[in-house]
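Okay, here's what each chain looks like letter by letter:
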Amino acid sequence: MAKKGKDYLGFGRVVSIILAIIPITALIFGMVTRIKEGKIVAAILRLILGWNIIWIVDLILMIVSGRILRLLNV
């Protein structure tokens, strides 16, 4: 599982924020993080929906809390 406050493969918060700013890296690292947590359906939804509102919400949440959006936590 991802460490609390260190999503995006355990990188530090500043590096994670920089990666979240760039849409393609946010999509890739968001999917990899969800797959690493064992949430395959959430990773697929991130692929389908990741280019719109999820990217903006991920960016805001990364700045505020250091974590990405958990759309499906099942």
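Residues numbered from 1 in each chain as written. Predicted model: local features only at pLDDT ≥ 70, side-chain atom pairs only at ≥ 80, totals over all residues. Heavy atoms only, no water.

Visitor: Is there a simple way to think about the pattern of salt bridges in this case?
Guide: Oppositely charged side chains can pair when the atoms bearing their charge come close. Taken as a whole, this structure holds three salt bridges when the rule is applied. One salt bridge connects R46 with D58, and the closest N-O pair in it is separated by 2.5 Å. Here R46, found in helix α3 (residues 40-49), pairs with D58, found in helix α4 (residues 53-64); they are 12 residues apart in sequence, far enough to count as distant. The burial state of R46 is the same as that of D58; both residues are buried. (Salt bridge = Lys/Arg side-chain N within 4 Å of Asp/Glu carboxyl O. Helix = DSSP H or I, 4+ residues; strand = E, 2+ residues; numbered from the N terminus. Buried < 20%, exposed > 50% of the residue type's maximum accessible area, 1.4 Å probe, protein only.)

Visitor: Is there a simple way to explain the nonpolar core in this structure?
Guide: As a rule of thumb, soluble globular proteins bury nonpolar side chains together. Listed in full, the eight residues of the largest apolar core are Y8, L19, A20, A26, F29, L59, M62 and I68. Elements supplying a minimum of two residues to this core: α1 (13-21), α2 (23-36) and α4. (Core = buried A, V, L, I, M, F, W, Y, C linked by side-chain atoms within 4.5 Å.)

Visitor: Whenever I open this one, the packing of α1 against α4 confuses me. Can you help?
Guide: Each pair of packed helices can be summarised by the angle the axes make with each other and by the distance between the axes. For the pair α1 and α4, the least separation of the axes is 9 Å and the interaxial angle reads 165 degrees. Judged by the angle between their axes, α1 and α4 are roughly antiparallel. In terms of crossing hand, the pair formed by α1 and α4 is left-handed. Along the contact surface, α1 presents R13, S16, I17, A20 and I21, while α4 presents W55, L59, M62, I63 and V64. By residue class, the composition of the contact of α1 with α4 is eight nonpolar, one polar and one charged. (Axes fitted to C-alpha atoms, helices over the stretch in contact; angles between N-to-C directions. Parallel < 35°, antiparallel > 145°, perpendicular 65-115°, else oblique. Left-handed = near helix turned anticlockwise from the far one by under 90°. Contact = heavy atoms within 4.5 Å. Nonpolar A, V, L, I, M, F, W, Y, C, P; charged D, E, K, R; others polar.)

Visitor: What exactly am I supposed to notice about α2 here?
Guide: The periodicity of an α-helix, 3.6 residues per turn, causes residues three or four places apart in sequence to face the same way. With 14 residues, α2 should cover 20 Å at 1.5 Å per step; its first-to-last C-alpha distance of 20 Å lies within 8% of that length. Of all the positions in α2, only T25, A26, L27, F29, G30, M31, T33 and R34 are classed as buried. Two residues or fewer after α2 comes G38, characterised by a positive phi angle close to 85 degrees. (Expected span 1.5 Å × (residues − 1).)

Visitor: When you look at a nonpolar patch on the surface in this model, what are you seeing that I'm missing?
Guide: Taken together, L9, F11, V15, I21, I22, I24, I28, V32 and W51 make up a surface patch of nonpolar side chains, about 770 Å² in accessible area. Of all the secondary-structure elements, those providing two or more residues to the nonpolar patch are α1 and α2. With three residues, α2 is the largest single contributor of residues to the nonpolar patch. Relative to the assigned elements, W51 resides in the loop between α3 and α4. (Patch = residues over 30% accessible without salt bridge, like charges linked within 9 Å, V, L, I, M, F, W, Y side chains within 5 Å. Areas by Shrake-Rupley, 256 points an atom, 1.4 Å probe, with all protein chains shown as cover.)

Visitor: Can you help me understand the side chain of R34 in this one?
Guide: On the secondary structure map, R34 appears in helix α2. In this structure R34 comes out as buried when scored by relative accessible area, which is 1%. R34 has contacts with K39, A42, A43, R46, I68, R70, L72 and N73, leaving out every residue within four places of it along the chain.

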